[in-house]
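Read off the chains here:
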Amino acid sequence: MSERQDCEVIVIGGGPCGLILAIELGRRGISTILLEERNSPVRFPAANATQARTMEHYRRLGFAEKVRAEGLPPDYPTDIAYFTRYTKHELARFSLPSARAAREIVKTLSGSWSAAELPHRVSQMFVEAVLRAEASAIPAVSLRPGWRMVAVRDTGTGVEVNAEHHDDGGRVTLRAAYAVGADGGGSPTRKSLGYGYVGESGVVRDFMGGKMFAIHFRSSELYRLLPHPRAWMYWAVNRERRAFMASVNGRDEFNFHTQLRPDQRAEDISDAQAKAMFYEALAATANIEIIARSSWNAGYTLVAEKFQRGRVFLGGDAVHLFTPTGGLGYNTAVEDAVNLGWKLAATLKGWGGPALLDSYETERQAIAKRNTAYARGFADSLGLFVPPLELEDESPAGEAARQRTGDHFNDHARFEFNIPGITFGGRYDGSPIVIADGTIPPPDAANSYVPTACPGGRAPHLWLGDGRSLYDALGFEFTLLQVGAKPASAAAFRAAAEALNIPLTVVAIAGQEARDLYEADLVLIRPDQIVAWRGDTASDAAAVLRRASGHR
Ligand SMILES: Cc1cc2nc3c(=O)[nH]c(=O)nc-3n(C[C@H](O)[C@H](O)[C@H](O)COP(=O)(O)OP(=O)(O)OC[C@H]3O[C@@H](n4cnc5c(N)ncnc54)[C@H](O)[C@@H]3O)c2cc1C
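Residues numbered from 1 in each chain as written. Predicted model: local features only at pLDDT ≥ 70, side-chain atom pairs only at ≥ 80, totals over all residues. Heavy atoms only, no water.

Caption draft 1: Representation of the sheet that holds strand S10 (residues 171-176) in the model. Sheet architecture is open: three strands sit in the order S8-S9-S10, paired in antiparallel fashion. The outermost strands of the open sheet, each flanked by one partner alone, are strand S8 (147-154) and S10. Each strand axis lies, on average, 25° off the axis of its neighbour in the sheet, ignoring direction. (Pairing = 2+ DSSP bridges. Helix = DSSP H or I, 4+ residues; strand = E, 2+ residues; numbered from the N terminus. Axes fitted to C-alpha atoms, helices over the stretch in contact; angles between N-to-C directions.)

Below, the structure written as structure tokens:
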């Protein structure tokens, strides 16, 4: 490249996608500038759930415990509970463990929840603070708050990004090898590439289909007013004011969301009206102090037509918009960054082949379509339910209506909030860098996950004899697992990796449990913990490694 470069990758946007990408790149020594137009962090809680797979990535990156320490107190239950109104009848409840219990329970689970980490219920604003601290501690990463990207160009040999400073109007032109737009739903980067979203928007539902209005508030007396056991997520189901509320810190902060009528605009709602909406869901009044307000649209199932053009990539909300049911938007954004991070780094370091970067769109667009479709199904199950007329009547008919409604939401809660199949079961079948072995993976299902080492999916998890997670033993780049009591030789893989300059860690795991789980003597695991290949001999080692690293 002839032009001077300011860094190797410019990341546009410092939400979860951009921050994780900067961390993945920076940890690999790739010089990265992250432009974020906001000067100060968002103080709105936004997403409420970090899925188990995202927690496993945070563990791989070394900060899962920091994230798990955030949000609710360690012993606060993460129940999901449904009420007619928060101080009235409880209809249904799905009890889930506290953060402290989750750490212990995960070591005892098998089958669908065979994992290194369980989900963590925490507001996105707390997670982002951890991600920002992690990113800013990496010498190769330069975070630039207050800088807005105004133009991005692919010059053929690199990228040029024009940026403008929020306060003083200062301007710079930055040059790099690649740029990534992680700039959210409005994505100026996506728009500048000329790509739109494809799918559904403007779906109308009784609830979770339309304009939503949210307040983040403080109330020191709310818990005293709630007559039911504590929960993480409180839903109000009635014909007047449907809503959900998440506990933010387990003490005095809450995040309340309700749907506006089609003729209402968030800007026109006074704080007094906002409080009145909350009081309707509470069926009482309370002292509350509004910290922040927000509005958003429910009813999107949108995926961008393209995730890349030349040297400019897109990830996160810039390429997929969800209805937040299932809690998948931020988590899918993180996995985009994980997928793209190692591929960009490998390409820049020279060991990634020419097909590697193209596999990003192939792999992640399919997952975006899958995950947005799952979220849509949850929104239908929740939002198309019509509360019976007599639901709040203090009568036998009212009691019967509450029983029926409770049955629906007891089922719904398990459908929407027990989703190991979605979080662990995403697959990259058909990817050019996955070497299929002719086996057929278990069917995709939201609520169950069948661990499988069929190439293209997450490497099945197991706890090692010394108490460590298998994932803690894997290398940061490629890993060759030698599985079983009499491991096949790794020599051919070591030699091929050396010849191709591919960083490869070899890990032997003895024991029949591992052999039964992986059904092969040798397994090649990618840096994002996806099985690239499995087999019983190393005779094709060079061809396997070439293909998995994007060489044709
Ligand atoms: C109420 C609500 C609840 C939700 N609940 C969940 C949940 O439980 N689980 C879940 O997974 N998801 C949830 N989501 C979705 C989640 O918040 C988003 O999917 C997530 O923030 C996407 O991350 P991102 O990094 O792609 O984009 P964003 O978080 O939008 O970050 C993009 C960043 O780019 C910056 N930017 C934009 N333009 C420029 C520019 N020109 N130059 C520089 N910077 C720029 C923005 O300031 C922003 O910081 C929820 C969303 C809402 C609204």
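Further notes follow.
Caption draft 2: Region of the structure containing the site of the ligand. Taken together, 33 residues lie near the ligand, and Glu36, Arg38, Gln124, Asp317 and Tyr330 sit nearest. Protein coverage of the free-state accessible area of the ligand, which is 1000 Å², stands at 87%. Going through the elements one at a time, helix H1 (16-27), strand S2 (32-36), S8 and helix H9 (329-349) are the ones with two or more residues in the shell around the ligand. Looking at which element gives the most residues to the shell around the ligand, the answer is H9, with four residues. A class-by-class count of the residues in the shell around the ligand yields 16 nonpolar, eleven polar and six charged. (Near = heavy atom within 4 Å. Areas by Shrake-Rupley, 256 points an atom, 1.4 Å probe, with all protein chains shown as cover. Nonpolar A, V, L, I, M, F, W, Y, C, P; charged D, E, K, R; others polar.)

Caption draft 3: Highlighting the pattern of salt bridges. Inspection of every chain in the model, using the stated rule, returns 50 salt bridges. Residues Glu24 and Arg28 are paired through a salt bridge, measuring 2.8 Å at the closest nitrogen-oxygen approach. Shared partners join several salt bridges into a network, and the residues in it are Glu24, Arg28, Arg60 and Glu477. (Salt bridge = Lys/Arg side-chain N within 4 Å of Asp/Glu carboxyl O.)

Caption draft 4: How the structure looks around the packing of aromatic side chains. Throughout the structure, instances matching the rule amount to 26 aromatic pairs. Aromatic pair Phe256 and Phe278: ring centres 5.1 Å apart, planes at 80°, arrangement edge-to-face. Within this pair, whereas Phe256 is found in strand S16 (residues 253-259), its partner Phe278 is found in helix H8 (residues 271-282), the two being separated by 22 residues in sequence. Classification of Phe278 by relative accessible area gives buried; the value is 0%. Seen in terms of ring centroids, Phe385 and Phe409 are 5.1 Å apart; in terms of plane orientation they differ by 70°. Their pairing is edge-to-face. Here the residue Phe385 occupies a position in the loop between helix H10 (358-383) and helix H11 (396-417), and Phe409 occupies one in helix H11, the gap between them amounting to 24 residues. We classify Phe409 as buried; its relative accessible area is 1%. (Phe/Tyr/Trp six-rings, centres within 6.5 Å; stacked < 30°, edge-to-face > 60°. Buried < 20%, exposed > 50% of the residue type's maximum accessible area, 1.4 Å probe, protein only.)

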